[in-house]
Amino acid sequence: MQHRKIVTVYGASSPNIEKFYKDAAFETGRLLAAAGTAVACGGGRSGLMAAVIDGALSAGGHTIGVLPEFMEQRGWAHSGLSEKIITSDMHTRKERMLAMATGVIALPGGVGTLEELLEAITWRQLNLYRGQVVILNTAGYYDPLAAMLERSIEQHFMHPDHKDIWQIAATPAEAVRMALSEDSYGDFSQKIRVD
């Protein structure tokens, strides 16, 4: 099944998180599907990954789970996925998820989610990825990261224009709108500090 737009959603796999995080993830998946957008994610059967898949499926959406072989063998995949892509390792998984994306939304998560989000920002900075990078800041979860990113600009580790690489959304509806908007930022790789 071909889709004009595929939004890759990063998020926690832990089941031991507050319900309001899961509700926001479900709504994100539902809204993406309602917009006719396929949802790609890590394909897990728990946590926010499962919630975003469930949300997309509730609206008749197409969900793509990208799992490394060892996760598939351990039975960690969501049983309702529309499509499953099995990769040889974690690095290939991340590359595949970002390569297929026309937009990215990062839900709250742990170190795996943070790694994926920061890699997407880095790829966008280097002009290797041209879609939107949206941080869904549910209940202010990402406030410390937003402050750290601002600090990296203030301390001249990043060009001031690099703050336009990512957008921060307060609600699922805002995140979906941002992720589906056309890129208007240009080539950030021309503004990398090398001096």
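These lines cover the structure that appears in this document, whether it is placed above or below. (Residues numbered from 1 in each chain as written. Predicted model: local features only at pLDDT ≥ 70, side-chain atom pairs only at ≥ 80, totals over all residues. Heavy atoms only, no water.)

### A few points about the nonpolar core
Nonpolar side chains tend toward joint burial in soluble globular proteins. By size, the foremost hydrophobic cluster in this structure holds 29 residues, and its most contacted members are V7, V9, L32, V52, I105, L107 and V134. Within the residue set of this core, elements represented by two or more residues are strand 1 (6-10), helix 1 (19-34), strand 2 (38-41), helix 2 (47-58), strand 6 (132-136) and helix 7 (172-180). Excluding its chain neighbours within four sequence positions, the residues that come into contact with L107 are V9, Y10, G11, A25, T28, L48, V52, T113, L136 and Y142. In terms of nonpolar packing, the next biggest core, distinct from the first, is built from 27 residues, I6, A40, I64 and V66 among them. (Core = buried A, V, L, I, M, F, W, Y, C linked by side-chain atoms within 4.5 Å. Buried < 20%, exposed > 50% of the residue type's maximum accessible area, 1.4 Å probe, protein only. Helix = DSSP H or I, 4+ residues; strand = E, 2+ residues; numbered from the N terminus. Contact = heavy atoms within 4.5 Å.)

### A closer look at the packing of aromatic side chains
The geometry of an aromatic ring pair is captured by two quantities: the separation of the ring centres and the angle between the planes. Considering all chains together, one arrives at four aromatic pairs under this definition. Judged by centre distance (4.4 Å) and plane angle (40°), the ring pair of F20 and Y21 falls under tilted. On the basis of relative accessibility, which here comes to 40%, the residue F20 falls in the partly exposed class. On the basis of relative accessibility, which here comes to 16%, the residue Y21 falls in the buried class. Relative to Y142, the ring of Y141 has its centre 5.1 Å away and its plane inclined at 90°; by these criteria the two rings are edge-to-face. One aromatic cluster is present, formed by F20, Y21, Y141 and Y142 through successive ring pairs. (Phe/Tyr/Trp six-rings, centres within 6.5 Å; stacked < 30°, edge-to-face > 60°.)

### Some remarks on helix 6 (residues 143-154)
Taking 1.5 Å of rise per residue, the 12 residues of helix 6 would be expected to cover 16 Å, and the 16 Å separating its terminal C-alpha atoms lies within 8% of that figure. Among all positions in helix 6, only L145, L149, S152 and I153 are buried. Buried residues along helix 6 cover an arc of 100° about the axis, so they all sit on one side. Facing away from the buried side of helix 6 by more than 90 degrees, the exposed set consists of P144 and E154. Of the surrounding elements, those touching the buried residues of helix 6 are helix 5 (111-125) and strand 7 (166-169). (Expected span 1.5 Å × (residues − 1). Arc of directions from axis to C-beta.)

### Thoughts on a nonpolar patch on the surface
A cluster of nonpolar residues, F70, W76 and M90, forms a patch on the protein surface that exposes about 250 Å² of accessible area. Tracing the backbone shows F70 in helix 3 (residues 69-73). Here F70 falls in the partly exposed class, since its relative accessible area comes to 31%. (Patch = residues over 30% accessible without salt bridge, like charges linked within 9 Å, V, L, I, M, F, W, Y side chains within 5 Å. Areas by Shrake-Rupley, 256 points an atom, 1.4 Å probe, with all protein chains shown as cover. Salt bridge = Lys/Arg side-chain N within 4 Å of Asp/Glu carboxyl O.)

### Section: the packing of helix 4 (residues 90-99) against helix 5
As a packed pair, helix 4 and helix 5 sit with axes 11 Å apart at the nearest point and diverge in direction by 55°. Taken together, the axes of helix 4 and helix 5 lie oblique to each other. When you trace helix 4 past helix 5, the crossing you get is right-handed. For the pair formed by helix 4 and helix 5, the contact residues are K94, E95, M97 and L98 on the first element and E115, E116, E119, A120 and W123 on the second. Split by residue class, the contact of helix 4 with helix 5 holds four nonpolar, no polar and five charged. (Axes fitted to C-alpha atoms, helices over the stretch in contact; angles between N-to-C directions. Parallel < 35°, antiparallel > 145°, perpendicular 65-115°, else oblique. Left-handed = near helix turned anticlockwise from the far one by under 90°. Nonpolar A, V, L, I, M, F, W, Y, C, P; charged D, E, K, R; others polar.)

### Topic: the sheet that holds strand 4 (residues 83-87)
Here we have seven strands laid out as an open sheet, ordered 4-3-2-1-5-6-7, and parallel in their pairing. Either end of the sheet is taken by a strand with one partner, and the two such strands are strand 4 and strand 7. Put simply, the sheet's adjacent strands are angled 25° from each other on average, direction ignored. By the bridge criterion, five bridges tie strand 3 (residues 63-68) to strand 4 in an arrangement that is parallel. (Pairing = 2+ DSSP bridges.)

### Things to note about unusual backbone geometry
The phi angle of most residues is negative, glycine excepted, and most peptide bonds adopt the trans form. Positive phi, close to 65°, is recorded for N127, a residue that is not glycine. Note that N127 resides in the loop between helix 5 and strand 6. When its relative accessible area of 24% is taken as the criterion, N127 is described as partly exposed. The phi dihedral of H156 is positive, around 70°, even though this residue is not glycine. Among the structural elements, H156 can be located in the loop between helix 6 and strand 7.

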